[in-house]
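Structural overview
The residues making up each chain are set out below.
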Amino acid sequence: MKQTMFDKLWDRHVISGEPGGPQLIYVDLHLVHEVTSPQAFEGLRENGRQVRRTDKTFATMDHNVPTTDIFNVKDAISRKQIETLARNAKEFGIRLAGMGHADQGIIHVIGPQLGLTQPGMVVVCGDSHTATHGAFGSIAFGIGTSEVEHVLATQTIWQTKPKTMGIHVHGRLPHGVYAKDIIMGIIAREGVAFGTGYAVELYGDTIENMSMEERMTLCNMGIEGGAKMCNVKPDQTTFDYVAGRKYAPKNMKRAIADWKQYYTDSPEAFDKVIDFDVHKLAPFVSWGTNPGMSVPVDEKLPEIKNADDQKAFDYVGLRPGQPVLDIPIQYAFFGSCTNGRLSDLKIAANVLKGHHIAAGVTALVVPGSRAVKEAAEKMGIDQIFKNAGCEWREPGCSACLGMNPDQVPAGLHCASTSNRNFEGRQGAGSRTHLASPAMVAYAAINGHFVDIRKEEV
Amino acid sequence: MEPITTITSTTIPLMKENIDTDQIIPKQFLKNILKVGYGKNLFYDWRYLADRTPNPEFILNQPERQGAQILVTGDNFGCGSSREHAVWALKDFGFKVIIAGGYSDIFYMNSTKNGVLAIILPEEQRRILAQIPTDAKITVDLPQQQVRYQHFSFDFDIDPLWKNKFIKGLDDIAITMGYEDQIAAYEANIPNYN
Ligand code: SF4
């Protein structure tokens, strides 16, 4: 029988249980952060349990960390969550990239960067954007707090196998159009729940020609389309990326031989297939309060079709029929697990070089990890941002969700490279417009969005 | 987890439909690091007046209702956000059993994970339970799958898997630990790339 890559990965990890019902599957990598883990450790302690495989568990702090003075956490609860994770990691013997540690950063940025994330794995984390790690040809998904406790204690999880969906992405990306636009375009066309109940695989020549960082951007936002798991077949690009990283396999030859068995035999094996041609794709901008409320940059904001649209327009203070190019921008945010990696910062810096952001615009640059920050500084990218009038910050989640002091003030519009434009996401009353790093950079320079396909860079 | 077999207790009736998790525990109380301590904020918006003093009208605040372990409520209980804190708050307040017309899937799963027995009974039966005297006790007999009060006896359904879990006081982790041999065998076969 023809199988999808997902079927093969799944079969490899089943310990017990029959298809159709909950099956016990093995977890190869459990990533932990400070917000969703305290109650899980508390549960272990209450029951006198240990962490079964500390060698398959890795923790960092990202959601609450300040990006200016990193050791000065002002909010009492943020501080408590950070201190609690440090205490728990020590007590249970878990590797921790804590505040100021060279490996610290957004959990979904450091997993791949450290070579912890590898093809063929099951990766879980108490965070919905765990889908990011699927870019390596692994099963990766977010879990709840009780499940975090379960994985810590048993290194396994009960899951019912989802259906599979293939998205055939093909064509050459036009100038000025990026991975971010592909995933935003898919969600705008298919809706924010199209992937619910499915493990999605992205395949096709567009995907094959992409770097790992671009593939991660795609899979990262799969969850915004409802797909808890989103993956890409591992290939030479994947193997080259993993090789030589801190926790990469020492015997890469043996690893690659094993990883090469993960591919989809034929698209017929998917329960559902959809097609996405990118050769005429435009850069996308979100206008409303979910990632599906997005339109191509050269279009006008849509008509109001239902109460949700009305509510969204009221919230963002925009009108149907208004051109996207007229959306005013007072904030710009470069960062997050979607677009906070080195290649993203390079693209934005390339645009900003020799320019200055518009008067009245505040721009934050928050590298996805300390390693990204240091690499960028070595290349002088920080200087380009600073010369353009941007604030160069310490790594973390920052204004992606504003759990730390980095928030967009109420009523202001923020061009953001992050992944969620929900009400209040970047701060109470904040108005988020998701877009690619290049689009955000141009918006910061001009104080409004521009169609970057017409620009030089 | 504490086993549940037979519980005899006074009740608190809260006969409203569609009580969502935001009403059970509002989002401002989620930023915490423990599973306990949420009980004092259970049903916060109903329980406290604008000046944050207890609302004497609300049933949870009535002195004669204190110590009740059984909540009798409406249909579609625990709908809305998936926050596990809703179950933590009910449990922390002291509820061991909830009797409703139905539950959201996620709430039901979260209750089984935390040892709170969520029972479904039809409306006529819940109406009877909601009207018994304040100091009257009802008995929830899990092995017999019955709720009893005086001469009334109402049968309820429960998946044998969950029933076994509650009676033995097993949590998911304890159940999975029963698969230790298979997990260890799996681990022995994980390919080594070093
Ligand atoms: S960067 Fe944003 S989306 Fe990613 S893990 Fe942090 S808060 Fe979540």
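Quick caveat, the model's predicted, so the values are computed rather than measured. Numbers given to residues run from 1 along each chain, matching the order in which its sequence is written. Going through the entries in the order they are written, you letter the chains from A and number the ligands from 1. Per-residue local features are limited, in this predicted model, to residues with pLDDT of at least 70; the limit for side-chain atom pairs, both in listing and counting, is 80 or more; totals at the level of whole chains, interfaces and linings are taken over all residues. Values shown for side chains rest on all heavy atoms present in the structure; no hydrogens or waters enter the calculation.

**Concerning the UniProt feature "binding site: [4Fe-4S] cluster" (unreviewed entry) in chain A**
All names here are of chain A. Short version of the rule: UniProt positions are given in the numbering used here, feature names are shortened, and annotations may be inferred rather than shown by experiment. By definition, any uninterrupted DSSP run of H or I lasting at least four residues is a helix, any uninterrupted run of E lasting at least two residues is a strand, and each is numbered from the N terminus.
Residues annotated in UniProt with the feature "binding site: [4Fe-4S] cluster" (unreviewed entry) correspond here to Cys-337, Cys-397 and Cys-400. A maximum C-alpha distance of 8.9 Å places the annotated residues, which cover 64 residues in sequence, within one compact spot. Among the structural elements, Cys-337 can be located in helix α12 (residues 336-339). On the secondary structure map, Cys-400 appears in the loop between β17 (391-392) and β18 (413-416).

**Thoughts on the sheet that holds strand β8 (residues 156-160) of chain A**
Residue and element names in this part refer to chain A. As a reminder, the rule being used: For two strands to pair, DSSP has to find at least two bridges joining them. Note on definitions: angles span 0 to 180 degrees between N-to-C directions of axes, and those axes are lines fitted to C-alpha atoms, for helices only across the stretch in contact.
The strand order across the open sheet built from three strands is β1-β2-β8, with neighbouring strands paired in antiparallel fashion. Edge positions in the sheet fall to β1 (14-16) and β8, since each of these pairs with one other strand and no more. Along the sheet, successive strands turn relative to each other by an average axial angle of 45°, direction set aside. Summarising the sheet, strand β2 (residues 22-26) and β8 pair through five bridges and their orientation is antiparallel.

**Re the domain arrangement of chain A**
All names here are of chain A. The criterion, for reference: As annotated, the domain borders come from an automatic or database domain assignment. What gets called buried area is simply the loss in accessible area from a 1.4 Å probe that two parts show on being joined, summed for both. Any carboxyl oxygen of Asp or Glu within 4 Å of a side-chain nitrogen of Lys or Arg constitutes a salt bridge here. Whenever two N or O atoms come within 3.5 Å, that pair is a polar contact, provided that in protein one can donate a hydrogen and the other can accept it, and provided that, for residues adjacent in sequence, both atoms are side-chain atoms. Side-chain classes follow a simple rule in which Ala, Val, Leu, Ile, Met, Phe, Trp, Tyr, Cys and Pro form the nonpolar group, Asp, Glu, Lys and Arg form the charged group, and the remainder, Gly included, forms the polar group.
Entries for chain A in the domain assignment read domain 1 (5-159), domain 2 (163-235 + 247-277) and domain 3 (284-454). Using C-alpha coordinates to define each centre, domain 1 is positioned 22 Å away from domain 2. Carbon and sulfur atoms make up 60% of the area that domain 1 and domain 2 hide from each other, which totals about 2500 Å². The three residues of domain 1 that bury the most area against domain 2 are Met-5, Lys-8 and Ala-135, which together make up 25% of that side's buried surface. Linking domain 1 to domain 2 there are two salt bridges. As a salt-bridge pair, Asp-265 and Lys-8 come within 2.8 Å of each other at their nearest N and O atoms. The tally of links from domain 1 across to domain 2 stands at 13 residue pairs in polar contact (both at pLDDT 80 or more). When residues of the side of domain 1 that touches domain 2 are traced back to their parent elements, those giving at least two are α1 (5-13) and β7 (139-142). For the side of domain 1 that touches domain 2, the per-class residue count stands at 14 nonpolar, 10 polar and four charged.

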